[in-house]
Amino acid sequence: MVTAESLNFDVLQIIFSYLSTPDLASVSQVNQSFLAGALPRLYRSLCFYHNQAKRYPRIVTPFAVVKAHPDLAAHVQNIDIRVIPNTWLKQRTLPDPRFLHDCVSALQVSDFITSFTCTIGSALPPLLPFIQSKPRLRTLRIEARLTEEQTKLLCQLRGLHSVTLENASSAVMDALPKWADALKSTLEHLTIHTSPHLNRTVLQGTIKHLPKLRGLHVIGCLRVTHVDVLSATEYTPLLQSLAFTVMETDFASNLPRTSLTALKHLAVELVYYRLSSDPERTAVPHSLIISLLSLTRFTHLASLALRLSDQQTFPTTLIDEMVEMHGTHLRSVRFMGFTLDLDGLENLMECEGLEKLAISVPADDIYAFSSALAGHATLHTLIDVVDHGTHGKRKSLTTDRVGVLLEEVPCLTRVVNENRLWTVRACDGADRLRR
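Residues numbered from 1 in each chain as written. Predicted model: local features only at pLDDT ≥ 70, side-chain atom pairs only at ≥ 80, totals over all residues. Heavy atoms only, no water.

Draft legend 1. Highlighting the nonpolar core. Among the nonpolar cores identified, the biggest contains 128 residues, and F116 and W179 are the most heavily contacted of them. Judged by nonpolar contacts, the second largest core, of six residues, contains M336, I383, V385 and V416. (Core = buried A, V, L, I, M, F, W, Y, C linked by side-chain atoms within 4.5 Å. Buried < 20%, exposed > 50% of the residue type's maximum accessible area, 1.4 Å probe, protein only.)

In structure tokens:
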């Protein structure tokens, strides 16, 4: 007879892979076998988010636990710090010193980390020296507001596969081309987000060292145009994922000729500088989107994401162009800041292989919306994109409205709305809606 204590360790690992963190914490208290099976997953990632910061210091952080029990550090693979608790000292708000000390101590003993994320600039400098000795580190995401001395430490990192730099300082941008040259044999993904110091020269000087790059995302960098980003792709023949921002003043710019034959994922953010009552000036840049679609015409584009800073209706004519050029291969489409009329939505459903759609769902007209999706055979995930910048009250999705969607669109199995998720599972021959 098989008992819980006699289960093979590998079998326990498979079972526990389906459990959430709170459930893992519960099963770890059953017996010693369950504890041994749950610990590697419980401490694989050390994370600290806003919901934890609100309860600090009433709760014990995972960093403090690893500091107190260094043997747990053998399981740590990912460190993710999105917020740090603050303390009030001499009429100034400063990072909590005890929290930082716990983070440093945990990082020191975690020799096997493969991913490090710290999006709080004030927390990074004391942690930076201890990242140097992590030979397995492959993924780095940081808020890179660093001094020249701190940048020198950063540029000593080697073997990285993915780098994300947010709000990078001029020191980091100046050093980026040389650092990229040192990473050219391993770096495959580079993201630069909202850096006011990135310019065309730095971008070109960086990308030319990265022939193995498969992902390039340059978002919200005001001194770099989409033309600069597209021009830089001549050095990246293997590029599969591309994202960039197009500012209002550059909507009419001619696109450079570039080869994107390997491209599979494209994301474009269209930004208006200011509000205007002139409908012509705030209209969707039709010619620009057509040019972007044409530029990728001969690629097998699997996902397309378009974001507009000012709410607009996406023209049906552009939907037709999108379907004609990429309908065969598109699997995921995301519209943010755009709405679709029913004709445009029906035309989009001509993408026969579409599996995931992110769009603003009109909850007050759910029956017509459901009918537009009803004939599709592969769409399994619908994401309701909520634009918090729009004015007026917007009806939200409810379980009843989601039920209508799932009844009208048989292939749909997941509906996502902000922090809510509805799924469908087979149960005794019938479909059951779960929230």
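That shown, we press on.
Draft legend 2. Geometry of the packing of helix α12 (residues 286-295) against helix α13 (residues 316-326). Orientation of α12 relative to α13, taken along the N-to-C sense of each, is 5°, at an axis distance of 10 Å. If you check the angle between α12 and α13, you find them roughly parallel. Contact with α12, carried on its side by H286, I289, I290, L293 and S294, involves T317, L318, E321, M322, M325 and H326 of α13 and no other residues of that element. Of the residues belonging to the contact of α12 with α13, the class tally is six nonpolar, four polar and one charged. (Axes fitted to C-alpha atoms, helices over the stretch in contact; angles between N-to-C directions. Helix = DSSP H or I, 4+ residues; strand = E, 2+ residues; numbered from the N terminus. Parallel < 35°, antiparallel > 145°, perpendicular 65-115°, else oblique. Contact = heavy atoms within 4.5 Å. Nonpolar A, V, L, I, M, F, W, Y, C, P; charged D, E, K, R; others polar.)

Draft legend 3. Molecular detail of the side chain of S370. Looking at where S370 falls in the secondary structure, it is placed in helix α15 (residues 366-373). If sequence neighbours within four positions are ignored, S370 has contacts with V404, L405, E408 and V409.

Draft legend 4. Representation of the pairing of strand β6 (residues 139-143). Here strand β5 (residues 115-118) runs beside β6; their pairing, made up of four bridges, is parallel. In the strand pairing of β6, C118 is matched with I142. Pairing between β6 and strand β7 (residues 162-166): five bridges, direction parallel. Counterpart to T139 in the pairing with β7 is S162. Once the chain exits β6 it traverses helix α8 (residues 148-154) before rejoining the sheet at β7, and the crossover so formed is right-handed. (Pairing = 2+ DSSP bridges. Right-handed = clockwise from strand over helix to strand, strands pointing away.)

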